[in-house]
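Residues per chain are reported as follows:
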Amino acid sequence: MIDKIAWIYIKDKKILSTLSKGKDTYYIPGGKRENFENDVETLTREIKEELSVDILTDSIKYYGTFKAQAHGKKEGIVVKMSCYMADFKGILKEDSEIDKIVWLKYCDVDKISPVDKLIFEDLHNKGLID
């Protein structure tokens, strides 16, 4: 199982998503933990590396955990995505391996990974994204 942490950031009923360099699928920002990091440490490090902003740790709220077939991996390899919402300081900009920042709606579900589709579905059902 691939263990990942994701940052759900919504503005104007659209969700912040990223396109990594050399990829054709959009992902909710975040990534895998390093060494013995906890969820908060992983979230803050990954978002700083990918989007150049600082997560405000006192604003972090757990949203949910979702599991699905890992995109682009052998059948049966599952990704577990623990999702958090949080505020940030700084200006969002592409950094590290990120090629593009986009704001997606539920109708963009065909452009995202299987686990992100579950998250989009949940956000849409709760009225958080259009």
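Read on for an overview of the structure. (Residues numbered from 1 in each chain as written. Predicted model: local features only at pLDDT ≥ 70, side-chain atom pairs only at ≥ 80, totals over all residues. Heavy atoms only, no water.)

### A word on the layout of surface pockets
Here the largest pocket is characterised by a volume of approximately 560 Å³. Surrounding the largest pocket, 27 residues form its lining, Lys 4, Ser 20, Lys 23, Tyr 27 and Lys 32 being those nearest its centre. Of all the secondary-structure elements, those providing two or more residues to the lining of the largest pocket are β1 (2-8), β3 (14-20), β5 (30-32), α1 (39-51) and β8 (78-85). For the lining of the largest pocket, the residue count by class is 10 nonpolar, 9 polar and 8 charged. (1 Å grid on protein atoms, 1.4 Å probe; cavity = no way out; pocket = protein on both sides within 12 Å on 5 of 7 lines; lining within 4 Å. Points joined across faces, edges and corners; volume = space filled by probe spheres on them. Helix = DSSP H or I, 4+ residues; strand = E, 2+ residues; numbered from the N terminus. Nonpolar A, V, L, I, M, F, W, Y, C, P; charged D, E, K, R; others polar.)

### Things to note about unusual backbone geometry
Of note, Asp 12 is a non-glycine position whose phi angle comes to about 55 degrees, a positive value. In this structure, Asp 12 sits in the loop between β2 (10-11) and β3. On the accessibility criterion, Asp 12 (64% relative accessible area) is exposed. (Buried < 20%, exposed > 50% of the residue type's maximum accessible area, 1.4 Å probe, protein only.)

### A word on helix α2 (residues 114-125)
With 12 residues, α2 extends 17 Å from end C-alpha to end C-alpha; this agrees with the ideal 16 Å at 1.5 Å per step. Three or more residues of α2 are buried, namely Val 115, Asp 116, Ile 119, Phe 120 and Leu 123. On an axial view of α2, the arc spanned by its buried residues comes to 140 degrees, and they lie on one face. Just beyond α2, the residue with positive phi is Gly 127, at close to 75 degrees. (Expected span 1.5 Å × (residues − 1). Arc of directions from axis to C-beta.)

### Re the environment of Thr 25
Counting through the fold element by element, Thr 25 comes out in the loop between β3 and β4 (26-27). Setting aside its immediate chain neighbours within four residues, Thr 25 contacts Thr 18, Leu 19, His 71, Lys 111, Ile 112 and Ser 113. A polar side-chain atom of Thr 25 sits 3.1 Å from a polar atom in the side chain of His 71. (Contact = heavy atoms within 4.5 Å. Polar contact = N/O pair within 3.5 Å; in protein donor to acceptor, adjacent residues only side chain to side chain.)

### Some thoughts on the nonpolar core
Generally speaking, nonpolar side chains in soluble globular proteins are found buried as a group. Judged by nonpolar contacts, the single largest core of 22 residues is most densely connected at Ile 8, Ile 15, Cys 83, Leu 104, Ile 119, Phe 120 and Leu 123. Listing elements by their share of this core, those giving two or more residues are β1, β3, β7 (61-69), β8, β10 (98-104) and α2. Take this core: its biggest share by element is 4 residues, from α2. One finds Trp 7, Ile 55, Phe 88 and Ile 101 within the second-largest nonpolar core, a separate group that totals 14 residues. (Core = buried A, V, L, I, M, F, W, Y, C linked by side-chain atoms within 4.5 Å.)

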